[in-house]
Amino acid sequence: MLAAVRGLRAGLRPQLRPQLRRARGIATTAELATKTQPRLTQRTRLGAADTGSADSADSFDGDHQLTLEWPGATPKTVLIVKKDNDKRADSALVSICRWMRRQYPQINVVLEPAVFAQMRGTLDFVRTVAASQAGRAEYARVVDFVVTLGGDGTFLHVASLFDEEVPPVVPFSMGTLGFLLPFDVADFPARLQSIIEGASTVLPRTRLAYSRRSADGSSSSSSADTRLRHITNEASIHRGTYPHLTTIECFLNGHLLTTSVGDGIIVATPTGSTAYALSAGGPIVHPLVSSMLVAPVCPRSLSFRPLMLPPDAVVRLQVHRLSRGRAAAFVDGRDCGELRQGECIEIRRSPFPLLCVNRENLAAGWAHDINQLLQFNRSFAHPHEAPFGEADPDFNTTGSGSAGS
């Protein structure tokens, strides 16, 4: 009897094992090929026929944006990143993944581990990074382009997934404001087809590089994370929860620029000019103006005004040795640890801009966004007035401006 049972088990084992492997296995990126390197070329100068305007100034877009192509191949892998705990983003993710499966079955779809675990029962063809793999290195090895479903915070999160070069990003607006996100998710088939077939316009957004230094100028060892960070929005030194104002020395290319007593100092990119720096009184900077901004946070002075510096500037923010209070360093809102007296952060232009798939006509889109999303120069006393008069295309005749998207 026992021999018969053993024989039955032996006969079933070859059939059951593959089924168990499929049920328990996780499809990872380990066996995927290395990504296809895109080719970026300068766009042809736009003319009046392309922009619908006789003003040759519209050709500025064409001089500075890039065209993305995939030479001799198509992209192999897309990473889709979504906003957390958002049902609309969940639904959009499922729709895009299934559309990709139907239209481009040769392209692998990769999700972050937490999203993969959430969607595993719904999307059985997606992949993720294995727990045993270094996430940033593996993303950099296989991901050809990234799709974001969320707000500006989701967009910034993508940049944090890569140590250096970030693949081209296709951002769909599903957040609260979405100033950095030019596309409506309802248009995803046309937008994704455009990038996959190599017909997209790319905006290279300037990023900054951040490093931390100890009082003697060497790499700081007081922080567990000493790797070089790349900044999409801003880096800042802030007194945080400390009760005393902090004294910060600001150096420009090795020369003392000023000493500030206050809550802190921000160094921002043009992209970050509409974020924390804007709240601190800084200017709005067009994304094609390669530069960096320095803005004080609540200084004990009426004459410390925000500055815009050339892109090759090197800014060092150092906590003064006699400062009563300590400070903390932040990069794109992430806490990078405490800075003691004498320690500093050094900020310079990053060699890795953030490549964002963008509208064909950047100038028109940017003007629309600052007016509709940021309510630029909108009067408090007369909110019903169109900023461009009756000819404003975004103003309706019922006496109220159109809502921002």
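Because the structure is a prediction, the values reported are computed rather than measured. (Residues numbered from 1 in each chain as written. Predicted model: local features only at pLDDT ≥ 70, side-chain atom pairs only at ≥ 80, totals over all residues. Heavy atoms only, no water.)

Student: Help me understand the confidence of the model for the chain in this model?
Tutor: Low-confidence regions, as indicated by low pLDDT, have predicted coordinates that should not be scrutinised in detail. Summarising the model, the chain shows a mean pLDDT of 83, and 78% of its residues fall at 70 or more. Within the model, pLDDT remains below 50 along residues 397–405, and this stretch shows 12 contacts once partners closer than five positions in the same chain are excluded. (pLDDT = per-residue confidence, 0-100. Contact = heavy atoms within 4.5 Å.)

Student: Mind showing me how you'd approach unusual backbone geometry here?
Tutor: Peptide bonds are trans in most cases, and residues, glycine excluded, mostly fall at negative phi. Phi at N253 takes a positive value of approximately 50°, unusual for a residue other than glycine. For N253, the position within the fold is in the loop between β12 (246–252) and β13 (255–268). Of note in this structure, C298 is not a glycine but carries a positive phi near 50°. Topologically, C298 is positioned in strand β14 (residues 292–299). (Helix = DSSP H or I, 4+ residues; strand = E, 2+ residues; numbered from the N terminus.)

Student: What should I look at first to understand the pattern of salt bridges in this one?
Tutor: Two side chains carrying opposite charge are able to pair once their charged atoms lie near each other. Throughout the structure, instances matching the rule amount to 12 salt bridges. Between E69 and R39 there is a salt bridge whose closest N-O contact spans 3.0 Å. With E69 in strand β2 (residues 66–69) and R39 in strand β1 (residues 39–42), this residue pair connects regions lying 30 residues apart in the sequence. Residue classification places R39 among the partly exposed residues on the basis of a relative accessible area of 42%. (Salt bridge = Lys/Arg side-chain N within 4 Å of Asp/Glu carboxyl O. Buried < 20%, exposed > 50% of the residue type's maximum accessible area, 1.4 Å probe, protein only.)

Student: I would appreciate a short explanation of empty space enclosed by the protein in the present structure.
Tutor: Empty space among the atoms becomes apparent when a probe as large as a water molecule is rolled across them. Per the stated rule, a full pass over the model turns up one cavity of 30 Å³ or more. Size it by volume and the largest cavity reaches roughly 130 Å³. Every residue lining the largest cavity is counted, 17 residues in all, and those nearest its centre are F179, R205, P287, W366 and D369. Looking at the lining of the largest cavity element by element, the count peaks at four residues for helix α10 (residues 362–372). Per-class residue counts for the lining of the largest cavity are nine nonpolar, five polar and three charged. (1 Å grid on protein atoms, 1.4 Å probe; cavity = no way out; pocket = protein on both sides within 12 Å on 5 of 7 lines; lining within 4 Å. Points joined across faces, edges and corners; volume = space filled by probe spheres on them. Nonpolar A, V, L, I, M, F, W, Y, C, P; charged D, E, K, R; others polar.)

Student: In this structure, what is going on with the layout of surface pockets? I would like to understand it.
Tutor: Estimated volume of the largest pocket: approximately 280 Å³. Around the largest pocket sit 17 residues that line it, and A159, S160, R229, H230 and R334 are the ones nearest its centre. Put simply, the parts of the chain that give the lining of the largest pocket at least two residues each are α7 (152–160) and β10 (229–231). At five residues, α7 tops the list of elements feeding residues into the lining of the largest pocket.

Student: Quick question: what am I supposed to make of the pairing of strand β11 (residues 234–238) here?
Tutor: Counting buried residues along β11, five of its five residues qualify, which places the element largely inside the surrounding structure. Covered by surrounding structure in β11 are E234, S236 and H238 together with A235 and I237, the residues of both alternating faces. In the sheet, β11 pairs with β13 via five bridges, with the strands oriented antiparallel. Bridge pairing in β13 links S236 to I266. With four bridges joining them, β11 and strand β17 (residues 327–331) adopt antiparallel strand pairing. Within β17, the residue paired with I237 across the bridge is A329. (Pairing = 2+ DSSP bridges.)

Student: What exactly am I supposed to notice about the packing of aromatic side chains here?
Tutor: Given two aromatic rings, their pairing is described by the distance between the two centres and the angle made by the two planes. Inspection of the entire model under this criterion finds four aromatic pairs. Geometrically, the ring pair formed by F172 and F183 is tilted, given 6.2 Å between the ring centres and 50° between the ring planes. Of the two residues, F172 sits in strand β6 (residues 169–173) while F183 sits in strand β7 (residues 183–184), which places them 11 residues apart along the sequence. Here the two residues F172 and F183 agree in accessibility, since each one is buried. Ring pairing ties together the aromatic residues W99, Y104 and F188, which thus form one cluster. (Phe/Tyr/Trp six-rings, centres within 6.5 Å; stacked < 30°, edge-to-face > 60°.)

Student: Is there a simple way to explain the side chain of S291 in this structure?
Tutor: By the element assignment, S291 lies in the loop between α9 (276–279) and β14. Residue classification places S291 among the buried positions, given a relative accessible area of 4%. Sequence-distant contacts of S291, defined by excluding residues within four places in its chain, comprise T206, T269, P270, V285, M308, L309, P310 and P311.

Student: Even after reading the chapter, I still don't get the pairing of strand β8 (residues 200–205), so can you show me in this structure?
Tutor: Each regular strand carries side chains that alternate between the two faces of the sheet. Counted residue by residue, β8 has five buried out of six residues, so it is predominantly covered. Pairing analysis gives three bridges linking β2 to β8, with the strands arranged antiparallel. Residue pairing in the sheet places L68 in a bridge with S200 of β8. Relative to strand β20 (residues 354–358), β8 runs antiparallel, the two being bridged by five bridges. For V202, the partnering residue across the bridge sits in β20 and is V357.

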